[in-house]
Amino acid sequence: MCLRIIWTVKNKRGYIDVIDLKSDRKKQKNMRIFPGQLAKTEQVELLKHIENALEIAPLFTPTMPRTGKAFSVRMSNLGELGWVSDQQKGYRYQPQHPVTNKPWPQMPTMLCDLWHELTGYPAPPEACLINYYAPSAKMGLHQDKDEDDLDAPVLSISLGDRARFRLGGTTRGGKTSSFDISSGDALVLEKDTRLAFHGIDKIYPNSSELLASSAVFQDGGRVNLTLRRVTKSKSI
């Protein structure tokens, strides 16, 4: 059955609904995308923050639980907690880098401000995943469900090459739709889509010049920043 993306903009909150063309019934709602949220100068500034942070917390390659298969992305984290995965202990959050055993670098104020502006969630983010996609990397469909606070949204910010984003429902194997996200775009998963399966089908190499002069990301590609609230806030 054919699917299409419908964009409904209300007060700068860009709701995306996936519509079944045959029945015109809404299949997904409450995923918001903010095209071009970051200007070029802001992207450059944010990338510099990331490059500096990776001097303290270098990229590492996570592995799958049980199988030990390596992810095609490399990653690091910012904030009080960082998401990691390995064959022995599986998916989890921890306060230190799995290789250096040092605390994660702090999140820059710029990211915290974006969290409050775009999500409106009263508690601050505790983790910012840094996923680096080389030009050939991808990410299979998955849910973000390792957090205690599943009421908190997930904020994603793209830097670098354009990518093909795929969004499904809350059960594996259901209908999906896909669309491109570009450098400077922000995306919020919340409410109905907070536990939706999602992933990255492909990267479009050389579609952005942002990473071209980077000493850290010499092969180009894409950096994705994912801000999450992990623990339940006592003040909410």
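See above for the structure.
Calculation rules
Residues numbered from 1 in each chain as written. Predicted model: local features only at pLDDT ≥ 70, side-chain atom pairs only at ≥ 80, totals over all residues. Heavy atoms only, no water. Salt bridge = Lys/Arg side-chain N within 4 Å of Asp/Glu carboxyl O. Helix = DSSP H or I, 4+ residues; strand = E, 2+ residues; numbered from the N terminus. Buried < 20%, exposed > 50% of the residue type's maximum accessible area, 1.4 Å probe, protein only. Disulfide = S-S within 2.5 Å. Pairing = 2+ DSSP bridges. Axes fitted to C-alpha atoms, helices over the stretch in contact; angles between N-to-C directions.

Caption draft 1: Here's a closer look at the pattern of salt bridges. Considering all chains together, one arrives at 9 salt bridges under this definition. The closest approach of N and O atoms between Arg194 and Glu147, which form a salt bridge, is 2.8 Å. Taken together, the positions of Arg194 in the loop between strand 12 (186-189) and strand 13 (198-203) and Glu147 in the loop between strand 8 (139-142) and strand 9 (154-160) put the pair 47 residues apart, joining distant regions of the chain. For the pair shown, Arg194 and Glu147 are each scored as buried. For Arg164, the salt bridge goes to Asp180, with nearest N and O atoms at 2.9 Å. With Arg164 in strand 10 (residues 163-167) and Asp180 in strand 11 (residues 177-181), this residue pair connects regions lying 16 residues apart in the sequence. Each of Asp144, Glu147, Arg194 and Arg228 takes part in a single network of salt bridges with overlapping partners.

Caption draft 2: Focus on the state of the cysteines. Applying the stated criterion across every chain yields a total of 0 disulfides. Take Cys112: it sits in no disulfide, and the sulfur closest to it among the cysteines is that of Cys128, at 9.0 Å. On the accessibility criterion, Cys112 (23% relative accessible area) is partly exposed. Cys128 sits in the buried class, given a relative accessible area of 0%.

Caption draft 3: Layout of the sheet that holds strand 11. Strand order across the open sheet formed by 4 strands is 8-13-10-11, with antiparallel pairing between neighbours. Only two strands of the sheet have a single partner each, and these edge strands are strand 8 and strand 11. Direction aside, neighbouring strands of the sheet carry axes that sit 25° apart on average. Of the pairings in the sheet, the one linking strand 10 to strand 13 comprises 5 bridges and is antiparallel in character. Pairing of Arg164 across the sheet is with Lys202, part of strand 13.

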